[in-house]
Amino acid sequence: MKILFAYTTRNGTAAECARIFAEYVGSKAEVTLLNLKESGEITLYDYDAVVLGGSVRFGKISKQLKGFIKDNIELLNKTASAAFLCCGFPDEFDDYVSTEFRKDFIPKYGFHCFGGELKPKKAKGIDRLLIKALRSSVTQHDFEDASYKGALPEILPEAIYRLADRIVMG
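Each chain has its residues counted from 1, running along the sequence as written. Under the rules for a predicted model, residues below a pLDDT of 70 receive no local features and side-chain atom pairs below 80 are neither given nor counted, while totals for whole chains, interfaces and linings still include all residues. The basis for every side-chain value is the complete set of heavy atoms in the structure, and neither hydrogens nor water enter the calculation.

### Regarding the overall build of the chain
For the purposes of this entry, the term helix denotes a DSSP run of H or I that reaches at least four residues, the term strand denotes a run of E that reaches at least two, and both are numbered from the N terminus. Across its full length, the chain holds 5 helices and 5 strands. Listing the helices and strands of the chain from first to last along the sequence gives β-α-β-β-α-β-α-β-α-α. Looking at the chain alone, contacts between residues at least 24 apart form 78% of all its contacts between residues at least 6 apart. Only carbon and sulfur atoms are counted for the fraction: they give 50% of the accessible area of the chain, which is about 9,300 Å². For this analysis, residues touch if any pair of their heavy atoms sits within 4.5 Å. For every accessible area listed, the method is Shrake-Rupley and the probe measures 1.4 Å; residues are considered covered only by the protein chains on display.

### Describing a negative patch on the surface
The grouping of Asp91, Glu92, Asp94 and Asp95 at the surface amounts to a negative patch. Position of glutamate 92 among the secondary structure elements: in the loop between strand S4 (80-86) and helix H3 (93-100). With a 1.4 Å probe rolled over the protein chains alone, any residue whose accessible area is under 20% of its type maximum counts as buried; one over 50% counts as exposed, and the rest are partly exposed. A relative accessible area of 34% means that glutamate 92 is categorised as partly exposed. The patches reported here contain residues having more than 30% relative accessible area and no salt bridge. Joining distances are 9 Å for like charges and 5 Å for nonpolar side chains (Val, Leu, Ile, Met, Phe, Trp, Tyr). One side-chain nitrogen of Lys or Arg within 4 Å of one carboxyl oxygen of Asp or Glu is enough to make a salt bridge. Positive: Lys, Arg. Negative: Asp, Glu. His and the chain ends are not part of the count. Throughout, a charge is located at the NZ atom of Lys, the CZ atom of Arg, the CG atom of Asp or the CD atom of Glu.

### Comments concerning the packing of helix H1 (residues 13-25) against helix H5 (residues 157-169)
Packed helix pairs are specified by the crossing angle of their axes together with the interaxial distance, meaning the distance between the axes. The contact between H1 and H5 brings their axes to 10 Å, and the two run at 50°. Considered as vectors, H1 and H5 are oriented oblique to each other. Considering how the two elements wind past one another, H1 and H5 form a crossing that is right-handed. Across the interface between the two elements, Cys17, Ile20, Phe21, Tyr24 and Val25 from H1 touch Ile160, Tyr161, Ala164, Asp165, Ile167 and Val168 from H5. Classifying every residue of the contact of H1 with H5 by side-chain character gives 10 nonpolar, no polar and 1 charged. Axis lines are fitted through C-alpha atoms, for helices just across the contact stretch, and the angle between N-to-C directions can take any value from 0 to 180 degrees. Orientation categories follow fixed angle ranges, with anything under 35 degrees roughly parallel, anything over 145 roughly antiparallel, 65 to 115 roughly perpendicular, and all other angles oblique. Helix crossings fall into two classes, left-handed where the near helix is turned counterclockwise from the far one by less than a right angle and right-handed where it is turned clockwise. In this classification, the charged set is Asp, Glu, Lys and Arg, the nonpolar set is Ala, Val, Leu, Ile, Met, Phe, Trp, Tyr, Cys and Pro, and all remaining amino acids, among them Gly, are polar.

### Some thoughts on the pattern of salt bridges
If you walk through the whole model with that rule in mind, you get 5 salt bridges. Salt-bridge contacts for lysine 60 lead to glutamate 100; the nearest nitrogen and oxygen are separated by 3.6 Å. Separated by 40 residues along the polypeptide, lysine 60 in the loop between strand S3 (49-55) and helix H2 (63-78) and glutamate 100 in helix H3 bring together distant segments of the chain. Residue lysine 60 is classed as partly exposed on the basis of its relative accessible area, which comes to 49%. Residue glutamate 100 is classed as buried on the basis of its relative accessible area of 7%. Of the charged contacts in the structure, one is a salt bridge between aspartate 104 and arginine 102, with a shortest N-O distance of 2.7 Å.

### Points about the sheet that holds S3
Between any two strands, pairing holds if DSSP finds at least two bridges. Pairing is parallel in the open sheet, where 5 strands are placed in the order S2-S1-S3-S4-S5. This sheet does not close on itself; its edge strands, each paired only once, are strand S2 (30-35) and strand S5 (111-113). Each adjacent strand pair in this sheet contributes to an overall mean axis angle of 20°, direction not counted. Pairing of strand S1 (residues 2-8) with S2 involves 6 bridges; the strand directions are parallel. Bridge pairing in S2 links phenylalanine 5 to leucine 33.

### Here we look at H2
One less than the number of residues in a helix, times 1.5 Å, gives the span that helix is expected to have. In this model H2 runs 23 Å from its N-terminal to its C-terminal C-alpha over 16 residues, within 8% of the 22 Å that 1.5 Å per residue would give. What we call the bend at a residue is the angle made by axes fitted to the seven residues finishing there and the seven residues starting there. Along H2, the sharpest kink reaches roughly 80°, centred on asparagine 72. Among all positions of H2, only Leu65, Phe68, Ile69, Asn72, Ile73 and Leu76 are buried. Packed against the buried residues of H2 are S1, S3 and S4.

### Here we look at H3
Each turn of an α-helix holds 3.6 residues, which means side chains three or four residues apart point in the same direction. Turning to H3, its buried residues are Phe93, Tyr96, Val97 and Glu100. Seen end-on, H3 carries its buried residues on one side only, within an arc spanning 100°. Away from its buried face by more than 90 degrees, H3 exposes Asp94 and Thr99. Packing partners of the buried residues in H3 comprise H2, S4 and S5. Read the arc as the range of directions from the helix axis to the C-beta atoms.

Dropping the structure here:
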């Protein structure tokens, strides 16, 4: 089985989810990781399944992700596809799906929340300042400190594993 995992990322969270997915699938399938911001044309006909998504920034998904869906909507709806979002506030996931994805995009394996991160060390420039401000509004603790055990935005590997298992098992 050949799986395309196409994503957009700004601070590396979606790329980390892609890595976790590919590592988990291992030898069960051939996974191609594709950063849509760095790629050219891709032929979806070469794949048995397509997973696509990216991070939410200011309540929006990237233009590259929206464009990829627009350009490939018919094939995405005919193939075994899934969509994911990385968002630091999973409570907002359903709102992001309903406002950011086309209504005629109906992935066979549905929409999935892979969690998110608010780690300023991974960000650059203005993003670093924004993440620091967001994080201070979430908690007064330094949640990059390993000693902090509170509820924080984080990648949810179990959500990635569940989707991978559904796709590989058919």
